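The chain contents come next:
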Amino acid sequence: MNKTVLITGATSGIGLACAEKFAANGDRLILTGRNTQRLEEIRQSLTAKGTEVLTLVFDVRDFKAAQQAIEGLPAEWKTIDVLVNNAGLALGLEPEYQGNMEEWDAMIDTNIKGLLAMTRLIVPGMVERNSGHVINVGSVAGDAAYAGGNVYCATKAAVKAISDGLRIDVANTAVRVTNLKPGLVETNFSNIRFHGDTERAANVYKGIKPLTGDDIADVAVFAANAPAHVQIAEVLILATHQASGSVIVRK
């Protein structure tokens, strides 16, 4: 049966790839993001291919805006089968004692509090219907800190703990919870981390064939379409020459 899938941070990277892959799977989409124009371009592109798409413009850091958007959904869109908590970012790569408080706030508010806000808004309906799936986009960075990763790694460790905690909380229901943990994925992630320094961002992927957003989206779609009795709780997805968050062999 086709599903209604809500994806946060859907305007680029893994979020956009998830939108395209779930669309190809025949699902209909609620796409959220902060860029109105970009969301509309994506909506038009996917609609032209036969996918039903609804867009919502808000920042996941703004709980009231998110709440207003979700509560204002048309009746025929209120039953959300899959929530993909993808919105997230990394900023800076400085030692913790030299970190930027504003950047820390942005990461914590987006990666942790934004994910919690969407979970709080969507999951009660899933529990009430005894059906649904939450897919959180975590990271290999949540397994162990790496140099300069400090606060970003902490936010992704929190995603793991939040995912595990939610899975426990809904274990008496048919709601499933998946934590995806990508390694090196070539998107605009590093460009954002380094504030638009394209050369520095490109060096992150130098000498290794990184993952793509499509690779992660493939796993998300697979997890969402597993048999009802199968819960794919956690998946670590790494490039072939990446062994962990800090061990990368470049050739």
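Now for a look at the structure at hand. Residue indices begin from 1 for each chain and proceed along its sequence in written order. Two thresholds apply to this predicted model, a pLDDT of at least 70 for residue-level local features and 80 or more for giving and counting side-chain atom pairs, whereas whole-chain, interface and lining totals are computed over all residues. The basis for every side-chain value is the complete set of heavy atoms in the structure, and neither hydrogens nor water enter the calculation.

## Notes on the pairing of strand 3 (residues 53-57)
Being paired, for any two strands, means DSSP has found at least two bridges between them. A run of H or I in DSSP counts as a helix once it spans at least four residues, and a run of E counts as a strand once it spans at least two, with each numbered from the N terminus. Pairing analysis gives five bridges linking strand 2 (residues 28-33) to strand 3, with the strands arranged parallel. Considered in strand 3, the bridge of Ile30 is made with Leu54. A clockwise course of the path from the first strand over the helix to the second, judged with the strands pointing away from the viewer, identifies a crossover as right-handed. Regarding topology, helix 2 (residues 36-47) serves as the crossover connection from strand 2 to the parallel strand 3, and that connection is right-handed.

## Re the packing of helix 1 (residues 13-24) against helix 2
Axes, fitted as lines to C-alpha atoms, cover a helix only where it is in contact. Angles between the N-to-C directions of the axes lie from 0 to 180 degrees. At a closest axis distance of 11 Å, the pairing of helix 1 and helix 2 adopts a crossing angle of 20°. The angle between helix 1 and helix 2 places the two elements in the roughly parallel class. Every pair of crossing elements has a handedness; the one defined by helix 1 and helix 2 is right-handed. Only Arg38, Ile42 and Leu46 of helix 2 make contact with helix 1, whose side of the interface consists of Leu16, Ala19, Glu20 and Ala23. Residues are grouped as follows: nonpolar covers Ala, Val, Leu, Ile, Met, Phe, Trp, Tyr, Cys and Pro; charged covers Asp, Glu, Lys and Arg; every other residue, Gly included, is treated as polar. Across the contact of helix 1 with helix 2, the residue classes break down as five nonpolar, no polar and two charged. For classification purposes, an angle smaller than 35 degrees is called roughly parallel, one larger than 145 roughly antiparallel, one from 65 to 115 roughly perpendicular, and anything else oblique. By convention, the crossing between two helices is left-handed when the near helix turns anticlockwise from the far helix through less than a right angle, and right-handed when the turn is clockwise. Here, residues are in contact when the closest pair of their heavy atoms is within 4.5 Å.

## Digging into the layout of surface pockets
Of the two site types, the cavity is a set of points on a 1 Å grid over the protein atoms alone where a 1.4 Å probe fits but cannot get out, and the pocket is an open set with protein on both sides within 12 Å along at least five of seven lines, each lined by residues with an atom within 4 Å of a point. Grid points are joined across faces, edges and corners, and a volume is the space filled by probe spheres set on the points. Estimated volume of the largest pocket: approximately 1,200 Å³. Looking at the largest pocket, it is lined by 50 residues, and the ones nearest its centre are Gly88, Leu89, Ala90, Tyr152 and Phe189. For the lining of the largest pocket, the secondary structure elements donating two or more residues are helix 1, strand 2, helix 4 (101-129), helix 5 (150-169) and helix 6 (189-193). Broken down by element, the lining of the largest pocket gets its largest block of residues, four residues, from helix 6. Its residues assigned to classes, the lining of the largest pocket shows 23 nonpolar, 21 polar and six charged.

## So, the environment of Val170
If you trace the backbone, Val170 turns up in the loop between helix 5 and strand 6 (175-182). Accessibility expressed as a relative area gives 3% for Val170, which makes it buried. When the C-alpha positions of Val170 and Glu234 are compared, they lie 16 Å apart, and in sequence the two are 64 residues distant. In this view, Val170 contacts Val123, Val127, Val175 and Val177; residues no more than four positions away in its chain are not counted. Residue exposure (1.4 Å probe, protein chains only): buried if accessible area is under 20% of the type maximum, exposed if over 50%, otherwise partly exposed.

## As for the pattern of salt bridges
For this document, the term salt bridge refers to a Lys or Arg side-chain nitrogen within 4 Å of an Asp or Glu carboxyl oxygen. Tallied over the entire structure, the rule returns twelve salt bridges. Of the charged contacts, one joins Glu234 and Lys160 as a salt bridge, the two residues approaching to 3.0 Å between their closest N and O atoms. Placement of the pair is Glu234 in strand 7 (residues 234-237) and Lys160 in helix 5, with a sequence separation of 74 residues. Accessibility expressed as a relative area gives 33% for Glu234, which makes it partly exposed. Since its relative accessible area comes to 28%, Lys160 is described here as partly exposed. Look at the salt bridges and you will find they share partners, linking Asp143, Lys160, Asp164, Arg167, Lys181 and Glu234 into a network.

## Some details on the sheet that holds strand 2
Read across the open sheet, the seven strands follow the order 3-2-1-4-5-6-7; overall the sheet is parallel. Of all strands in the sheet, those bounded by a partner on one side alone are strand 3 and strand 7. Averaged over all neighbouring strand pairs, the angle between strand axes comes to 15°, with direction disregarded. Strand direction decides the pairing type here: strand 6 and strand 7, joined by four bridges, are parallel. In the sheet register, Leu180 faces strand 7, and the bridge partner there is Val235. Seen against the sheet, helix 2 touches strand 2 and strand 3 and runs at an angle of roughly 175° to strand 3. Along the sheet, helix 8 (residues 213-224) contacts strand 4 (82-85), strand 5 (132-137), strand 6 and strand 7; its crossing angle with strand 6, the most-contacted strand, is approximately 165°.

## Describing empty space enclosed by the protein
The final tally for this structure, using the stated rule, is one cavity of 30 Å³ or more. The computed volume of the largest cavity comes to approximately 70 Å³. Lining the largest cavity are 15 residues, and of these Leu91, Gly92, Glu94, Trp104 and Asn150 lie nearest its centre. Among the elements of the structure, helix 4 and helix 5 are those that each provide at least two residues to the lining of the largest cavity. Considered class by class, the residues forming the lining of the largest cavity number six nonpolar, six polar and three charged.

## Considerations on the pairing of strand 2
Strand 2 sits mainly inside the fold: six of its six residues count as buried. The side-chain alternation of strand 2 yields two buried faces, one formed by Arg28, Ile30 and Thr32 and the other by Leu29, Leu31 and Gly33. Looking at chain direction, strand 1 (residues 4-7) and strand 2 are connected through four bridges and run parallel. Each residue of the ladder has a partner; that of Leu6, found in strand 2, is Ile30. Remark: the strand 1/helix 1/strand 2 crossover connection has right-handed handedness.

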